[in-house]
Amino acid sequence: MGFAPDDTERLARARADLRMGVPVVVAGMGVMLAAETLQPARLTLLHGMGAAVAITDWRAQTLKVAAYDGDVARIALPADADARWVTALANPADDLRSPMKGPLRAQRGGDADLARAAVTLCKSARLLPAAVIAPLDDTARFAAEHGLTVVDAAAVRTTEMSPLHGIVSARLPMSVSEAGRLHVFRPDDGGEEHYAVEIGQPDRSKPVLARLHSACFTGDLLGSLKCDCGPQLRGALAQMGTEGHGVLLYLNQEGRGIGLANKMRAYALQDQGYDTVEANHRLGFHDDERDFRIGAAILKQMGFGAVRLLTNNPAKIARMEASGVSVVERVPLKVGENAHNHAYLATKAAKSGHLL
Ligand SMILES: Nc1nc2c(ncn2[C@@H]2O[C@H](COP(=O)(O)OP(=O)(O)OP(=O)(O)O)[C@@H](O)[C@H]2O)c(=O)[nH]1
Ligand SMILES: [Zn+2]
């Protein structure tokens, strides 16, 4: 390996660039700017370059635009479009107040790979999944001229999970058990760290009582009544304390993998009357963007091949099994229902298959 960053490292740089509003070049294809952080002066430079706005099929459906490219749509950038116009396409906050954004002309035919790469990059940067894109003849020259990060399209597309490394672990006495340990895992790709709380000394040859908990700042820390995360977190730890052993993974996949800012956008849409699934779709996301292979990989690295899984979510069980962790028992975790989250839990049962 030389001094220069490799494909994965350049992707991490690109995510940081996009979050700041700096353009990123996709090798051999073109240039992109995240819609969410778009600066008007930079948009002006893209006019006349055959620019389009790339959005997901879910967002296209909300905007009533045909997604000719399947999973994405490319909407031609009108000559008079300003940054506010782009933001309105990307962000559903004002959909109800100004439903007519059109006429919107979706591009048809040609190559949608730049649009696909752009949306994927925005998602991995935890931004709204929408970008302004423009094709380029000579991407290397454009990037060198403007000092931009260049990413490889195949690297953007890869669905391989970044390897995780156990960085440190230390004793952590907790109120539920004095025999606690916290392990920190870090991926190679500059992404979020994840944590494992180990209680007692679970026998690796037997199924361990386990919980895969996805971060929920509002529920876990603030005591939000909109979900059941806080009581589930504390309930799972308490049960492990009572049984004397268990492992709780705290996965930093806030908002089912869309990040806290987007989750709060989803909450604002829920205040307009949409349910948790519809809100994700209006934003352009799938209802669940989490990667549960991360949880399975951590369990395996810790020496656990079989679990008694604390969950009400059958998809979690299926994804554990598919990733090589056998789920010998589902242990229900029904705590924290209240008047505010009743509809949320009912939607998860009706639309996402959660067990009541
Ligand atoms: N996008 C979005 N995420 C939410 C919403 N409410 C809660 N979350 C997130 O959903 C995740 C909760 O996941 P889990 O507690 O693992 O719940 P689950 O997948 O329903 O499965 P179990 O709790 O195991 O039954 C957390 O990351 C929360 O931040 C919402 O309305 N929208
Ligand atoms: Zn929550």
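Residues numbered from 1 in each chain as written. Chains lettered and ligands numbered in written order. Predicted model: local features only at pLDDT ≥ 70, side-chain atom pairs only at ≥ 80, totals over all residues. Heavy atoms only, no water.

Undergrad: How should the overall build of the protein be read in this particular structure?
TA: For the protein, the helix and strand inventory stands at 15 helices and 13 strands. Here the C-alpha radius of gyration of the protein, 22 Å, is about what a compact globule of 356 residues would show, namely 21 Å. In terms of overall dimensions, the protein has C-alpha extents of about 65 × 55 × 30 Å along its principal axes. Every one of the 356 residues in the protein was classed for burial, and the buried ones make up 51%. The long-range fraction of contacts in the protein, counting pairs at least 24 apart against all pairs at least 6 apart in sequence, stands at 66%. Summed over its atoms, the accessible surface of the protein is roughly 16600 Å², and 54% of this surface lies on carbon and sulfur atoms. (Helix = DSSP H or I, 4+ residues; strand = E, 2+ residues; numbered from the N terminus. Rg over C-alpha atoms; globule rule 2.2 N^0.38 Å. Buried < 20%, exposed > 50% of the residue type's maximum accessible area, 1.4 Å probe, protein only. Contact = heavy atoms within 4.5 Å. Areas by Shrake-Rupley, 256 points an atom, 1.4 Å probe, with all protein chains shown as cover.)

Undergrad: Which parts of the structure should I look at to understand the packing of helix 12 (residues 276–283) against helix 15 (residues 342–351)?
TA: Relative to each other, helix 12 and helix 15 sit at 75°, their axes nearing to 8 Å. One way to sum up the angle between helix 12 and helix 15 is to call them roughly perpendicular. Across the interface between the two elements, Thr276, Val277 and Glu278 from helix 12 touch Tyr344, Thr347 and Lys351 from helix 15. Partitioned by chemical class, the residues of the contact of helix 12 with helix 15 number 2 nonpolar, 2 polar and 2 charged. (Axes fitted to C-alpha atoms, helices over the stretch in contact; angles between N-to-C directions. Parallel < 35°, antiparallel > 145°, perpendicular 65-115°, else oblique. Nonpolar A, V, L, I, M, F, W, Y, C, P; charged D, E, K, R; others polar.)

Undergrad: So what exactly am I meant to see when it comes to the packing of aromatic side chains here?
TA: A complete count under the given rule lists 1 aromatic pair for this structure. Geometrically, the ring pair formed by Tyr195 and Tyr250 is stacked, given 6.3 Å between the ring centres and 15° between the ring planes. With Tyr195 in strand 9 (residues 194–199) and Tyr250 in strand 11 (residues 246–251), this residue pair connects regions lying 55 residues apart in the sequence. Take Tyr195: its relative accessible area is 27%, and that puts it in the partly exposed class. A cation over a ring is seen here: Lys226 above Tyr267, with NZ or CZ 4.5 Å from the ring centre. (Phe/Tyr/Trp six-rings, centres within 6.5 Å; stacked < 30°, edge-to-face > 60°. Lys NZ or Arg CZ within 6 Å of the ring centre and 35° of its normal.)

Undergrad: How should I be thinking about the UniProt feature "binding site: GTP" (unreviewed entry) in the protein in this particular structure?
TA: The UniProt entry lists Arg211, Leu212, His213, Ser214, Ala215, Gln232, Glu254, Gly255, Arg256, Thr276, Thr311 and Lys316 under the feature "binding site: GTP" (unreviewed entry), expressed in the numbering used here. If you trace the backbone, Gly255 turns up in helix 10 (residues 254–257). Classification of Gly255 by relative accessible area gives buried; the value is 11%. The contact partners of Gly255, leaving out residues within four places of it in the chain, are Ala215 and Lys263. Along the chain, Arg256 turns up in helix 10. Judged by its relative accessible area of 16%, Arg256 is buried. When residues no more than four places from it in sequence are discounted, the contact partners of Arg256 are Thr276, Asn280, Asp287, Asp288, Glu289, Arg290, Tyr344 and Lys348. A distance of 2.9 Å separates the side chain of Arg256 from the side chain of Thr276, its partner in a polar contact. (UniProt positions renumbered as here; feature names shortened; annotations may be inferred. Polar contact = N/O pair within 3.5 Å; in protein donor to acceptor, adjacent residues only side chain to side chain.)

Undergrad: Help me understand the coordination of the zinc ion (ligand 2), please; the structure alone is not making it clear to me.
TA: Any two of four tetrahedral donors ideally make an angle of 109.5 degrees at the metal, while pairs among six octahedral donors ideally make 90 or 180 degrees. Listed as protein donors to the zinc ion (ligand 2) are Cys216 (SG), Cys227 (SG) and Cys229 (SG); their distances from the metal cover 2.1 to 2.2 Å. Here the donor residues for the zinc ion (ligand 2) map to a single chain with the spacing C-x10-C-x1-C. One end of the pair, Cys216, is in the loop between strand 10 (208–214) and helix 8 (217–221); the other, Cys229, is in helix 9 (residues 229–243), with 13 residues separating them in the sequence. (Donors = N, O, S within 2.8 Å, 3.2 Å for Na, K, Ca; no water.)

Undergrad: Any chance you could explain the domain arrangement of the protein here in plain terms?
TA: Size of an interface: often given as the accessible area lost when the parts come together. Domain annotation for the protein reports domain 1 (7–156) and domain 2 (164–253 + 290–352). One C-alpha centre belongs to domain 1, the other to domain 2, and the line joining them spans 35 Å. (Domains from an automatic or database assignment.)

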